[in-house]
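Survey of secondary and tertiary structure
Residues per chain are reported as follows:
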Amino acid sequence: MTKKSIILGIETSCDETAVALVQDSDDDIPKILSNVISSQFDIHKEFGGVVPELAARSHLEKINLIANKAILESNVKINEISGIACTSGPGLIICLSVGLNFAKGMASALKVPFIGINHLEGHALSPKLHTKLRYPYLLLLISGGHSQYLIVNGLGEYERLGTTIDDALGEAYDKTAKILGIEFPGGPKLEEFAKRGNPNKFKLPKPILNKGGCNLSFAGLKTAILRTSREIKNEQEKFDLAASFQKTIEEILYVKTKEAFKRFKKINTTNKYNFVVAGGVAANSGIRNKLKKVSEENNFKSIFPDLKLCGDNAAMIAMVGLEKFKNKQFDNLELATSPRLPLDENAKFLKGPGVTLD
Ligand code: KG4
Ligand code: ZN
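Residues numbered from 1 in each chain as written. Chains lettered and ligands numbered in written order. Predicted model: local features only at pLDDT ≥ 70, side-chain atom pairs only at ≥ 80, totals over all residues. Heavy atoms only, no water.

So, about the domain arrangement of the protein chain. As far as domains go, the protein chain holds domain 1 (6–128 + 309–326) and domain 2 (132–304). On a C-alpha basis, the centroid separation for the pair domain 1 and domain 2 is 27 Å. On the domain 2 side, the residues contacting the 24 residues of domain 1 number 23 residues. With both chains or domains summed, domain 1 and domain 2 bury close to 1800 Å², and 71% of this area falls on carbon and sulfur atoms. Along the contact surface separating domain 1 from domain 2 lie zero salt bridges. Where domain 1 packs against domain 2, one counts five residue pairs in polar contact (both at pLDDT 80 or more). Among the secondary structure elements, those contributing two or more residues to the side of domain 1 that touches domain 2 are helix 1 (41–44), helix 4 (119–125) and helix 10 (315–326). Ranked by residues supplied to the side of domain 1 that touches domain 2, first place goes to helix 4 with five residues. Residues belonging to the side of domain 1 that touches domain 2 are distributed by class as follows: 10 nonpolar, six polar and eight charged. (Domains from an automatic or database assignment. Contact = heavy atoms within 4.5 Å. Buried area = accessible area lost by both parts, 1.4 Å probe. Salt bridge = Lys/Arg side-chain N within 4 Å of Asp/Glu carboxyl O. Polar contact = N/O pair within 3.5 Å; in protein donor to acceptor, adjacent residues only side chain to side chain. Helix = DSSP H or I, 4+ residues; strand = E, 2+ residues; numbered from the N terminus. Nonpolar A, V, L, I, M, F, W, Y, C, P; charged D, E, K, R; others polar.)

Spelled out as structure tokens, the structure:
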């Protein structure tokens, strides 16, 4: 029996220090041997957002400990590791550097290949850690920094259908939560607030709903939340505003996803349509239900990562690392951090096809 490759993955692009080990398997679903995540919520909450210098310092303090913990939990001997994968971008440059330098050090000490990973590709492929996924599939990537519809044609092959022209969806959740006095990071708690309110109490705008193709916009919604919040008279109305926000987001995603389905079907003539929703915001149960509904209505199968794989983690980085390792797509130790690394070629241009508003 041939030995299965084992990849150690590292993620330090923002405020999670994470290390995981995954192993190749015969059924095409890599086995997660360990998946350790240390969040920095407590460090940043008093500032209402991530402070890059504090985040980087915390990564530096913890990375060795987290890596040791992940190796111990995996029951893998250090000389059994086949390669080291690490997020090289996008993210906060001083945070990315901590992970990348640690990864390069490990790879050169162990004399194994080093592989730089696009963090967004980790999210994009994350359901592959538990589901067999065939290319091409439609992807909605909704996280703290990105909101995009993409066609995933294969490893490293992305075609953008639309993107946010201002704020990312996670950012809209976090900013709305802040306005409502909810502690950072507000997204998950805002969802709880919304469950206690009347979603029809406040009418909020849905920017560029019927124009701009699959592009998204949330900045106008945030302004409306700020204005409406000044009129709030009691605690119940806070819940009502959260519920109205949640409902508005669900309705925007319903319409835009339908548009993305239409475009995907035009380009791809297969009778099996898969729709993956990934990134931190994909943990939101209201959004999941709405997107399941629109998928069923349009003959798409909706696929969501397990909840523990929606937010930032290193298992998704190790898994992409394993795919690249099998293709011998290694990087040399000069690889630099890429704070703005896009997933698709179009995103390099400010006025790419995905950002027009016709
Ligand atoms: O993917 P992620 O962990 O980090 C980035 O790559 O950005 O996404 C984090 C974002 C945050 O904005 C957080 O508030 C949001 O995902 N988020 C949620 C929920 N859980 C996390 N937003 C809405 N509802 C949730 N349940
Ligand atoms: Zn992320």
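This part is about helix 2 (residues 52–74). The largest bend in helix 2 amounts to roughly 45° and is located at Lys62. For helix 2, the set of buried residues is Ala55, Ala56, Ser58, His59, Ile63, Ile66, Ala67, Ala70, Ile71 and Ser74. Turning to helix 2, the residues buried within the fold contact strand 1 (6–11), strand 2 (16–23), strand 3 (31–39), helix 1 and helix 3 (93–110). Asn75 lies just past helix 2 and shows a positive phi near 60°. (Bend = angle between axes of the 7 residues up to and from the residue. Buried < 20%, exposed > 50% of the residue type's maximum accessible area, 1.4 Å probe, protein only.)

Moving on, we come to the sheet that holds strand 5 (residues 114–118). A sheet is described by the order of its strands in space; here five strands give the open sequence 3-2-1-4-5, paired in mixed fashion. Each edge of the sheet is formed by a strand with only one pairing partner; in this case those strands are strand 3 and strand 5. Across the sheet, the axes of successive neighbouring strands diverge by a mean angle of 20°, strand direction being ignored. Strand direction decides the pairing type here: strand 1 and strand 4 (residues 83–89), joined by four bridges, are parallel. Within strand 4, the residue paired with Gly9 across the bridge is Ala85. The strands touched by helix 2 are strand 1, strand 2 and strand 3; relative to strand 2, the strand with the most contacts, the crossing angle is about 25°. (Pairing = 2+ DSSP bridges. Axes fitted to C-alpha atoms, helices over the stretch in contact; angles between N-to-C directions.)

Our next topic: the coordination of the zinc ion (ligand 2). Each pair of donors in an ideal four-coordinate tetrahedral metal site encloses 109.5 degrees, whereas pairs in an ideal six-coordinate octahedral site enclose 90 or 180 degrees. Coordination of the zinc ion (ligand 2) by the protein involves His119 (NE2), His123 (NE2) and Asp312 (OD), with metal-donor separations of 2.0 to 2.1 Å. Geometry at the zinc ion (ligand 2) is irregular, judged from the four donor atoms that bind it and their angles of 94 to 136° at the metal. For the zinc ion (ligand 2), the single-chain donor residues occur in sequence as H-x3-H-x188-D. Of this pair, His119 and His123 both sit in helix 4, four residues apart, which is roughly one turn of that helix. The class of His123 is buried, set by a relative accessible area of 1%. (Donors = N, O, S within 2.8 Å, 3.2 Å for Na, K, Ca; no water. Tetrahedral: all angles 85-135°; square planar, octahedral: opposite > 155°, others 65-115°.)

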